[in-house]
Amino acid sequence: MDLLALTDFNLVARHGGFGRASRESGRPKATLSRRVADLESGLNLRLFERGARTLKLTEEGRALHERTSVLLAELDETAAAIASGGDTPRGVLRVSAPLLFSQAAMGKIAAQFALRHSQIRLEVTTEDRAVDMVEEGYDLVIRVNPDPDARLVGRIFMRDRLVVVASPNFKKPVRKMTIAAIVRGSGPGDRTSSWEYTSPSGKKRVDVEPVLQLSSLFMVRDAVRAGVGAARLPVSLVTKDLLAGKLVLWGDVEGPEIALWALYPSRRLLSTRVSTFLSFLKDAFPQGSPDELASFID
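The structure presented is a predicted model; accordingly, all values stated were derived computationally and were not measured. For every chain, the first residue of the written sequence is number 1, and numbering continues from 1 along that sequence. pLDDT decides what is reported in this predicted model: residues at 70 or higher carry local features, side-chain atom pairs at 80 or more are listed and counted, and totals for whole chains, interfaces and linings draw on all residues regardless. Each side-chain value is worked out from all heavy atoms of the structure, with water and hydrogens disregarded.

A. Highlighting the sheet that holds strand E3 (residues 91-97). One bridge is not enough; two strands pair if DSSP finds at least two bridges between them. Only DSSP runs of H or I reaching four residues or more are called helices, and only runs of E reaching two or more are called strands; each is numbered from the N terminus. Sheet architecture is open: five strands sit in the order E4-E3-E5-E13-E6, paired in mixed fashion. Each edge of the open sheet carries a strand with a single partner, namely strand E4 (120-126) and strand E6 (152-160). In this sheet, neighbouring strand axes are inclined to one another by 20 degrees on average, regardless of whether the strands run parallel or antiparallel. Two elements, E3 and E4, share seven bridges in a ladder whose sense is parallel. Simply put, an axis is a line fit to the C-alpha atoms, just over the touching stretch for a helix, and the angle between two N-to-C directions goes from 0 to 180 degrees.

If you want it as structure tokens, here you go:
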């Protein structure tokens, strides 16, 4: 199989079209088209479905892309390491991370990582959706309580938990009163619901009515500080406010813990870039505790 043709095929597959692949790589569009056509002819397979304005991988094309893109990346990395005469990790490391973790800590972590590993160019994308690592070309993803995926392996590097907090001036509920709540979310939702939490005096259940619905937990925290209502927030996000007396703790929310995972494709040999970043995360969160994440938050 022609490795140049295979490389060009993966380039087009990763960027979703000949034009964009050409612009990103600086390679002529006609050359990319010809090499992909040659590869299809040699394999006797159609790798792309070509529409008037769209280009979509066929089932065979997707399988070829998933199985060869990581191998080609490893070949490039190995060649670069040999050429440099050492094992210093280098190259691009693409990471996808959730919004809250990125806002809280990723900027500082990325800066510290860049200072320590200048030969690695870290590219971080922030989004809460479950990205397709192979299809979208990510080396590592950070996810909160991810669903099981046989294609991915990884490890938990930090744990957190939810607590109910409010401003010191916001009155705690008595008897069966309904309290004003600030919630995270978007779109229509139930106007009333109930929260359960465990306080020093025992288990509590309160009815709540959302008065604010915000898309960011940092926004929720700021609204709670202003005394608009109570909220359920990760304890790492409010630790400093609790210690400073800006917020008061009503109790711990019952339910599963919040676990942050670092994941990478199971079929891929662990690259030095990924292993270096995993080690860096371990150093940043040696105990994996909420207090360690709180130290990053201003």
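B. Representation of the environment of Val70. Along the chain, Val70 falls in helix H4 (residues 59-84). With 69 residues separating them along the chain, Val70 and Asp139 place their C-alpha atoms 9.3 Å apart.

C. Spatial organisation of the sheet that holds strand E9 (residues 193-199). Spatially, six strands are ordered E8-E10-E9-E12-E7-E11 in an open sheet, and the strand pairing comes out mixed. Of all strands in the sheet, those bounded by a partner on one side alone are strand E8 (178-184) and strand E11 (231-234). Across the sheet, the axes of successive neighbouring strands diverge by a mean angle of 55 degrees, strand direction being ignored. One ladder, built from seven bridges, connects E9 with strand E10 (residues 202-214); its direction is antiparallel.

D. Representation of a nonpolar patch on the surface in the model. The patches described consist of residues with a relative accessible area above 30% and no salt bridge, like charges being joined within 9 Å and nonpolar side chains (Val, Leu, Ile, Met, Phe, Trp, Tyr) within 5 Å. Each accessible area is a Shrake-Rupley result for a 1.4 Å probe, and residues are judged covered by the shown protein chains and nothing else. Should a side-chain nitrogen of Lys or Arg be within 4 Å of a carboxyl oxygen of Asp or Glu, the pair is scored as a salt bridge. There is a patch of nonpolar side chains on the surface, built from Val211, Leu212 and Val228 and spanning about 200 Å² of accessible area. Its location among the elements puts Val211 in strand E10.

E. Highlighting the pattern of salt bridges. In the structure shown here, the tally under the stated rule is 18 salt bridges. With its nearest N and O atoms 3.6 Å apart, the salt bridge here joins Arg94 to Glu123. Residue Arg94 is found in strand E3, and its partner Glu123 is found in strand E4; the two are separated by 29 residues along the sequence. The classification of residues rests on relative accessible area computed with a 1.4 Å probe and restricted to protein chains. Under 20% of the type maximum is buried, over 50% is exposed, and intermediate values are partly exposed. For Arg94, a relative accessible area of 23% puts it in the partly exposed group. Connected via shared salt-bridge partners are Arg221, Asp222, Arg225 and Asp241.

F. Here's a closer look at the packing of aromatic side chains. Note on aromatic contacts: the rings of Phe and Tyr and the six-membered ring of Trp form a pair at centre separations within 6.5 Å, being stacked when their planes are under 30 degrees apart, edge-to-face when over 60 apart, and tilted otherwise. Inspection of the entire model under this criterion finds 10 aromatic pairs. Pairing Phe101 with Phe157 gives two aromatic rings, centres 5.7 Å apart and planes at 70 degrees, and the pair type is edge-to-face. Highlighted residues: Phe101 in helix H5 (residues 99-116) and Phe157 in strand E6, separated in sequence by 56 residues. Neither residue differs from the other here; Phe101 and Phe157 are each classed as buried. A centroid spacing of 6.2 Å and a plane angle of 25 degrees characterise the contact between Phe170 and Trp250, whose relative ring orientation is stacked. Of this pair, Phe170 sits in the loop between strand E7 (162-166) and E8 while Trp250 sits in strand E12 (residues 248-253), and the two are 80 residues apart along the sequence. Judged on exposure class, the residue Phe170 and its partner Trp250 are both buried. Members of the aromatic cluster, connected to one another through ring pairs, are Phe101, Phe157, Phe285 and Phe296. In our convention, an over-ring charge means Lys NZ or Arg CZ found within 6 Å of a ring centre and within 35 degrees of that ring's normal. The ring of Tyr138 has Arg94 sitting right over it, with the charged end atom 4.4 Å from the ring centre.

G. Region of interest: the pairing of E12. By the bridge criterion, four bridges tie E7 to E12 in an arrangement that is antiparallel. Residue pairing in the sheet places Val165 in a bridge with Leu249 of E12. Relative to E12, E9 runs antiparallel, the two being bridged by two bridges. By the bridge assignment, Tyr197 is partnered in E12 with Val253.

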